[in-house]
Amino acid sequence: MNLTRRRAVLTSVAAAAAGLPILDDLAGKGASAAAAEAEFASNTALYSSGTYQEGVHWARRFRCGTRPDLLDNASGGSEPVRSTAVIAPHGGGIEGGTSELCLAIAGYTLTGAGATPPVPVAGVPQRDYWMFEGLASSSQLHVTSTNCDDPAALAVCAANLYAVSLHGFGPDTGPAKQILIGGRDQRLTRNLKAAFTRHGLTTGTGDPELEVTVTVAGSGSPLNGDDPANIVNRTRSAAGAQLEISTALRTAMFGDFDGAARRRETAGVGPVRQAHFWNGFVDAVRDAVDRHERGLDA
């Protein structure tokens, strides 16, 4: 089971103890962060290396649909402009759980594997998605988001106005269950922050087992995701939102976190509170994206 080697974030215990539901910059005030060194400087370098083979060591899945013409003549209201991509740059065994979250938020079932495509979920908008997944030697397959040059990722993000990227990190101290929100799209960041609270992923719940600390990364945070080169910001609006999800929170979403097949089968299913964390996260991101596409602010 790979819980993540990607990022180790030293967080502020004192701030967490104060019970603050939203902190200015949990990773940047009196704390430091270190990213695991990437084996390859870009996806192109990885794909051309000859060392790691597609279908053996890594895979990528994506959907870049063709949208119909935008037309809305209703005077009493308007439809949202569905144009948000969902991406997981380090899925599979690299940052476990992010592939499954990517498909669910994009409106697809998790059953698709191999040649079987995911199935659209009825009543949920389907969105473009892209994910790079480690199948083996996962720690060597991490390409940083700012160096992502995968053609499918570039096409998916460039075809959409907005994007949400899903990542995993492992805090050494502080609250175990954390979400760190970053990216260049400040309005989407605010909508995500508010949606997590609405859907029960917050502090002050009265149950320590349900506590989730949601943090908005400040400009000085090493995990703020605001670099224009970050793949999540390579959209038509030149902005997106990056979600860093702690290992403890991702693990709590699944009945069995050990391997992609078991995660697909047990997402939101388990003996304790997996449904609370899985459904809360997926529904919150869908909710925030919907409000964002309607032009609303939190």
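The next thing to look at is the pairing of strand β8 (residues 178–182). Burial within β8 is extensive, with five of its five residues counted as buried. Burial along β8 is two-sided: Gln178, Leu180 and Gly182 and Ile179 and Ile181, pointing in opposite directions, are all buried. Across four bridges, the pairing between β8 and strand β9 (residues 213–216) is parallel. In the sheet register, Ile179 faces β9, and the bridge partner there is Val214. In this view, the connection linking β8 to its parallel neighbour β9 by way of helix α5 (residues 186–198) has right-handed handedness. Inspection of the sheet shows β8 paired to strand β10 (residues 241–246) by four bridges, in the antiparallel sense. Bridging across to β10, Gly182 finds its partner in Gln242.

Here the focus is the environment of Pro271. Position of Pro271 among the secondary structure elements: in the loop between α7 (260–266) and α8 (274–293). For the pair formed by Pro271 and Phe254, sequence separation is 17 residues and the distance between their alpha carbons is 9.8 Å.

Since one α-helical turn is 3.6 residues long, residues separated by three or four positions face the same way. With 13 residues, α5 ought to run about 18 Å at 1.5 Å a step, and its terminal C-alpha atoms sit 19 Å apart, in line with that. Of the residues making up α5, those classed as buried are Leu188, Thr189, Asn191, Leu192, Ala195 and Phe196. Angular distribution of buried residues about the axis of α5 spans 165°; they occupy a single face of the element. Contacts from the buried residues of α5 go to β7 (162–171), β8, β9, β10 and α8. Gly200 sits one or two positions beyond α5 and adopts a positive phi of about 85°.

As a further point, take the packing of α5 against α8. At their nearest, the axes of α5 and α8 sit 8 Å apart, and the two run at 140° to each other. On the basis of their axis angle, the class for α5 and α8 is oblique. Where α5 crosses over α8, the two elements pack in a sense that is right-handed. For the pair α5 and α8, the contacting residues are Arg187, Leu188, Asn191, Leu192, Ala195, Phe196 and Arg198 in the first and Phe281, Ala284, Val285, Asp287, Ala288, Arg291 and His292 in the second.

So, how was this worked out
Residues numbered from 1 in each chain as written. Predicted model: local features only at pLDDT ≥ 70, side-chain atom pairs only at ≥ 80, totals over all residues. Heavy atoms only, no water. Buried < 20%, exposed > 50% of the residue type's maximum accessible area, 1.4 Å probe, protein only. Helix = DSSP H or I, 4+ residues; strand = E, 2+ residues; numbered from the N terminus. Pairing = 2+ DSSP bridges. Right-handed = clockwise from strand over helix to strand, strands pointing away. Expected span 1.5 Å × (residues − 1). Arc of directions from axis to C-beta. Contact = heavy atoms within 4.5 Å. Axes fitted to C-alpha atoms, helices over the stretch in contact; angles between N-to-C directions. Parallel < 35°, antiparallel > 145°, perpendicular 65-115°, else oblique. Left-handed = near helix turned anticlockwise from the far one by under 90°.

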